[in-house]
Amino acid sequence: MKIPFPPLLQDWLGVILPAAQVLLILLLTRLLQLLLKRLIGRAAARYDLPPELAMGVRRVLNTVLLMAATLLILERLGVSGTVLWTAFTGFATVGAVAFFAAWSVLSNIFCTFLIFIVRPFRLYETVELLENGEKPGIKGKVIDVNLLYTTLQEEAAGDGAPATSVQVPNNWFFQRGIRRWRDAQRIAGS
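- Going by an unreviewed UniProt entry, the protein chain carries the name Small-conductance mechanosensitive channel and comes from Pseudoxanthomonas winnipegensis.
- Taken directly from UniProt, the Subcellular location (unreviewed entry) text for the protein chain runs: "Cell inner membrane".
- What the UniProt record of the protein chain gives under Subunit (unreviewed entry) is the line "Homoheptamer."

Here it is, written out as structure tokens:
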């Protein structure tokens, strides 16, 4: 059985009903927030919990409530939950891949600043990166330090082959042991 509405009201029913539902969702969300605030306050007082913990729990629960309310409102307005979930997981995946792709670059840039501040070695010193304990590793004279790599010039082989250089990621200098030899000329000059 349909309730007969005046024609003017029937035209606005498609707008009024979702608006009333949205207002009801917002009202219930606010009431739940106030109830949770009071319950968390009482629990914190009764069990002598730190105020920081109570505030953190309240913020997490408020965020969850607001996200749930947003999803309910979007559903009432005709947005599919499947479309939202697909978009969210797509953005999260792209963000995670971008984060991991940029992580090594950002690590090397940060380690460059640490090299200049901490100075585990200096230009034209001979350094060796130890693999495990005392195993020999990459050894050479530091000829350049840029944002991503430190260039080491390896000693020339005795058979007349030219000296080669190797670029070492800057974060390796903070992940492995370093053995360094100071340049005798530079020490005598300073």
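So much for the structure itself; the text now carries on.
Focus: the confidence of the model for the protein chain
And then number 1: This prediction gives the protein chain a mean pLDDT of 85; 87% of its residues lie at or above 70.
And then number 2: Mean pLDDT across the secondary structure elements of the protein chain bottoms out at helix α4 (residues 184–189), with 48, and peaks at strand β3 (residues 149–153), with 94.

Topic: the environment of Leu72
And then number 1: Structurally, Leu72 can be placed in helix α2 (residues 51–76).
And then number 2: Put simply, Leu72 and Leu26 are 46 residues apart on the chain and 9.8 Å apart in space, counted from C-alpha to C-alpha.

Re the side chain of Thr112
And then number 1: Within the element layout of this structure, Thr112 appears in helix α3 (residues 81–118).
And then number 2: Look at Thr112 and you get buried, because its relative accessible area is 2%.
And then number 3: Here Asn146 takes part through its backbone oxygen, which lies 3.3 Å from a polar atom of the side chain of Thr112.
And then number 4: Excluding its chain neighbours within four sequence positions, the residues that come into contact with Thr112 are Val145, Asn146, Leu147, Leu148 and Asn170.

Some remarks on α3
And then number 1: If you check α3, its first and last C-alpha atoms are 52 Å apart, about what 38 residues at 1.5 Å a residue would give, namely 56 Å.
And then number 2: Turning to α3, its buried residues are Ser107, Asn108, Cys111, Thr112 and Ile115.
And then number 3: Looking at the packing, one finds that the buried side of α3 touches β2 (138–145), β3 and β4 (165–169).
And then number 4: Where α3 begins, the capping side chain belongs to Ser80, and its oxygen is found 3.2 Å from the backbone nitrogen of Thr82.

Looking at the nonpolar core
And then number 1: Counting nine residues, the largest nonpolar core is built from Ile115, Phe121, Val127, Leu129, Val142, Val145, Leu152, Val168 and Phe173.
And then number 2: Contributing elements (two or more residues each) for this core: β1 (126–130) and β2.
And then number 3: With residues near it in sequence (within four places) discarded, Leu129 still touches Gly137, Ile138, Val168, Trp172, Phe173, Arg176, Gly177 and Ile178.

Topic: the sheet that holds strand β5 (residues 177–181)
Sheet strands line up and pair through hydrogen bonds in the backbone, either parallel or antiparallel.
And then number 1: The five strands lie next to each other as β4-β3-β2-β1-β5, forming an open sheet whose pairing is antiparallel. Looking along the sheet, the strands with just one partner apiece sit at the ends: β4 and β5. Strand after strand, the sheet turns through a mean of 40° between neighbouring axes, direction not considered.
And then number 2: Sheet topology places β1 next to β5; five bridges connect them, and they run antiparallel. For Glu128, the partnering residue across the bridge sits in β5 and is Arg179.

Examining the side chain of Asn171
And then number 1: Along the polypeptide, Asn171 turns up in the loop between β4 and β5.
And then number 2: When neighbours within four sequence positions are excluded, Asn171 is seen to be in contact with Ser107, Asn108 and Cys111.

Digging into α2
And then number 1: End to end, α2 covers 37 Å across 26 residues, agreeing with the expected 38 Å (1.5 Å per residue, within 8%).
And then number 2: Those residues of α2 lying buried are Ala54, Leu65, Ala69 and Ile73.
And then number 3: Note on α2: the residue one or two positions beyond its end, Gly78, has a positive phi of about 100°.

Rules used throughout
- Residues numbered from 1 in each chain as written.
- Predicted model: local features only at pLDDT ≥ 70, side-chain atom pairs only at ≥ 80, totals over all residues.
- Heavy atoms only, no water.
- UniProt positions renumbered as here; feature names shortened; annotations may be inferred.
- pLDDT = per-residue confidence, 0-100.
- Helix = DSSP H or I, 4+ residues; strand = E, 2+ residues; numbered from the N terminus.
- Buried < 20%, exposed > 50% of the residue type's maximum accessible area, 1.4 Å probe, protein only.
- Polar contact = N/O pair within 3.5 Å; in protein donor to acceptor, adjacent residues only side chain to side chain.
- Contact = heavy atoms within 4.5 Å.
- Expected span 1.5 Å × (residues − 1).
- Core = buried A, V, L, I, M, F, W, Y, C linked by side-chain atoms within 4.5 Å.
- Pairing = 2+ DSSP bridges.
- Axes fitted to C-alpha atoms, helices over the stretch in contact; angles between N-to-C directions.

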